[in-house]
Number of protein chains: 2
Amino acid sequence: MATESLKTKEGLPVNYGLLVFPTFQALDAFGPMDILNLLSRDYPMNLSIIAQTLEPVSTKHRDPSLNPLRSNFGESVVPTHDFSNAPPLDVLIIPGGYGLAANDLDLVYEFVKRTYPSLKYLITICNGCWVAARAGILDGKRATTNKSGWEMTKEIRPDVNWVAHARWVVDGNIWTSSGVSAGMDATLAFVGEVYGEEKAKEIAIVMEYERHEDPSWDPFADIYNLPKDT
Amino acid sequence: MATESLKTKEGLPVNYGLLVFPTFQALDAFGPMDILNLLSRDYPMNLSIIAQTLEPVSTKHRDPSLNPLRSNFGESVVPTHDFSNAPPLDVLIIPGGYGLAANDLDLVYEFVKRTYPSLKYLITICNGCWVAARAGILDGKRATTNKSGWEMTKEIRPDVNWVAHARWVVDGNIWTSSGVSAGMDATLAFVGEVYGEEKAKEIAIVMEYERHEDPSWDPFADIYNLPKDT
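Residues numbered from 1 in each chain as written. Chains lettered and ligands numbered in written order. Predicted model: local features only at pLDDT ≥ 70, side-chain atom pairs only at ≥ 80, totals over all residues. Heavy atoms only, no water.

1. Some points on the UniProt feature "domain: DJ-1/PfpI" (unreviewed entry) in chain A
- In the numbering used here, UniProt assigns the feature "domain: DJ-1/PfpI" (unreviewed entry) to residues 18-191 of chain A.
- In residues 18-191 of chain A, helix accounts for 27% and strand for 20%; the two terminal C-alpha atoms are 16 Å from one another. (UniProt positions renumbered as here; feature names shortened; annotations may be inferred. Helix = DSSP H or I, 4+ residues; strand = E, 2+ residues; numbered from the N terminus.)

2. Overview of the sheet that holds strand E1 (residues 15-19) of chain B
Residues and elements named next belong to chain B.
- Within the open sheet, the 7 strands sit side by side as E5-E2-E1-E6-E7-E11-E10. Their pairing is mixed. Because the sheet does not close on itself, it has two edges, and the strands there are strand E5 (81-82) and strand E10 (168-171).
- The pairing of E1 with strand E2 (residues 46-51) spans 5 bridges and is classified as parallel. Considered in E2, the bridge of Leu19 is made with Ile50.
- Those strands touched by helix H2 (residues 26-39) are E1, E2 and strand E6 (91-94), and its axis lies near 160° from that of E1.
- Strand contacts of helix H6 (residues 182-195): E1, E6, strand E7 (121-124), E10 and strand E11 (174-177), with the helix running at about 155° to E11, the strand carrying the most contacts. (Pairing = 2+ DSSP bridges. Contact = heavy atoms within 4.5 Å. Axes fitted to C-alpha atoms, helices over the stretch in contact; angles between N-to-C directions.)

3. Concerning the relation of the copies chain A and chain B
- With an RMSD of 0.0 Å, the operation that places chain A on chain B is a rotation of 180° combined with a shift of 0.0 Å along the axis. Taken together, these values place the two copies in the relation of a two-fold axis. When C-alpha distances to the rotation axis are compared across chain A, the minimum falls at Val77 of chain A, with a value of 2.3 Å.
- Comparing contact sets, 100% of the residues at the interface of chain A also lie at the interface in chain B, consistent with an isologous, same-surface contact. (Least-squares fit on C-alpha atoms with pLDDT ≥ 70 in both.)

4. Description of the confidence of the model for chain A
Residue and element names in this part refer to chain A.
- Of the residues in chain A, 96% have a pLDDT of 70 or more, and the chain-wide mean is 94.
- Across residues 1-9, where pLDDT falls below 50, the model places 5 contacts with residues more than four positions away in sequence or in other chains.
- In the predicted complex, the global pTM is 0.95; the interface-specific ipTM is 0.95. (pLDDT = per-residue confidence, 0-100.)

5. Regarding unusual backbone geometry
- Even without a glycine there, the phi angle at Cys126 of chain A is positive, about 55°.
- Here Cys126 of chain A shows up in the loop between strand E7 (121-124) and helix H4 (129-134).
- The exposure class of Cys126 of chain A is buried, given its relative accessible area of 6%.
- In this structure, Asn225 of chain B takes a positive phi of about 55° despite not being glycine. (Buried < 20%, exposed > 50% of the residue type's maximum accessible area, 1.4 Å probe, protein only.)

6. Examining the pattern of salt bridges
- Following the criterion strictly, the structure yields 20 salt bridges over all chains and no others.
- A salt bridge links Asp139 of chain B to Arg157 of chain B; the nearest nitrogen and oxygen atoms lie 2.8 Å apart. Linking Asp139 of chain B in the loop between helix H4 (129-134) and strand E8 (142-143) with Arg157 of chain B in the loop between helix H5 (150-156) and strand E9 (161-162), this pair joins segments that are 18 residues apart in sequence.
- On the basis of relative accessibility, which here comes to 22%, the residue Arg157 of chain B falls in the partly exposed class.
- Asp218 of chain B is the partner of Lys147 of chain B in a salt bridge, and the nearest nitrogen-oxygen pair spans 2.4 Å. Separated by 71 residues along the polypeptide, Lys147 of chain B in the loop between E8 and H5 and Asp218 of chain B in the loop between helix H7 (197-206) and helix H8 (219-223) bring together distant segments of the chain.
- The exposure class assigned to Asp218 of chain B is buried, which follows from its relative accessible area of 7%.
- Beyond isolated ion pairs, a larger network of salt bridges with shared partners links Glu197, Lys201, Arg211 and Glu213 of chain A. (Salt bridge = Lys/Arg side-chain N within 4 Å of Asp/Glu carboxyl O.)

In structure tokens:
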């Protein structure tokens, strides 16, 4: 109830940001966006799409070794802001993607590091948590990520309390979700927590989406043979 | 087996097109795109994003009555082609969205009408079937759509054999799926049919997506009290 009072007092989040970078994973971003697009019909909300520059940002592979057959297949989204002029945000959403293996993303990490203290909520999907981890924000916190890249994630930031078996994890105001599709379940749970469970259910039905409402549901951790959490 | 021989003889689809229009539904497009983005690592594939003009196309509501709180929330994608220069396609994917209630989409219907005869496959998601229906392509065929707008769909084109209880429907080379999220199940089933079930399973696991593999699975038809199919 204390949480409820706080939310009422501070008001609901209005200003959302979606961080994008080259070779982001489409569904990591657009699963949550579809949910929030629908929510924005019932609540006044603004979205900023934020990238290092204002050039369209593509899901296509930058690393040719990940595109051995030279497919020309991907989608580009248009940023509304860059790191120099992004507005104050209540919620920042960070998708994952193969692009986070690149080694030229220091400005991305710096943006998240300096933006986090003024956020009400941070939501990461799949290995989007790598950005938060590298920004030092997850140290000492419980967090999860996609299950196929588990060992790599642990190496990237051993100081995080990584949870192997979870569809999503909430620690304080940080929501981290498992791989790709899990971002939809985490975002619907976030909507349920912040805007009420009825709204989350209503949106899932409009989307004809069968939610996983249990954050510990994770058959994929077993498929990838991840160890039990201690 | 006859189908298998035909596929081998003709070869797998290479050139995909995604049709977009103002106020398309994000997940209708990007659920299937995420699947095909992953598939394009293993098969040579090209994607054209096709719209009436080359201007970025947004999910934002054009109709202010659908955005009563004046939210400024949406995402824009960049077309690669317009209707005048779209390349020959093997597969055309048509998302749905509130934007299909507009009455200025004749050029969209004409594009689909003239493109369909040379396609190997047409895939529609949610009320994206309205485009195919209005282009006259679905007449006499079995098809489905989202369940919240069922009566409107039937009025739009009574000559289609609309299937009320279905996650997706295949009739000939036309795949129509139910609402929003159903596009992912239909696309994974399409991948299973055309590229092999092992590949579909592999992609679903990478996406950490729990598929519905039964095309008759449809609790949403019941939620919306749709009549039994006769």
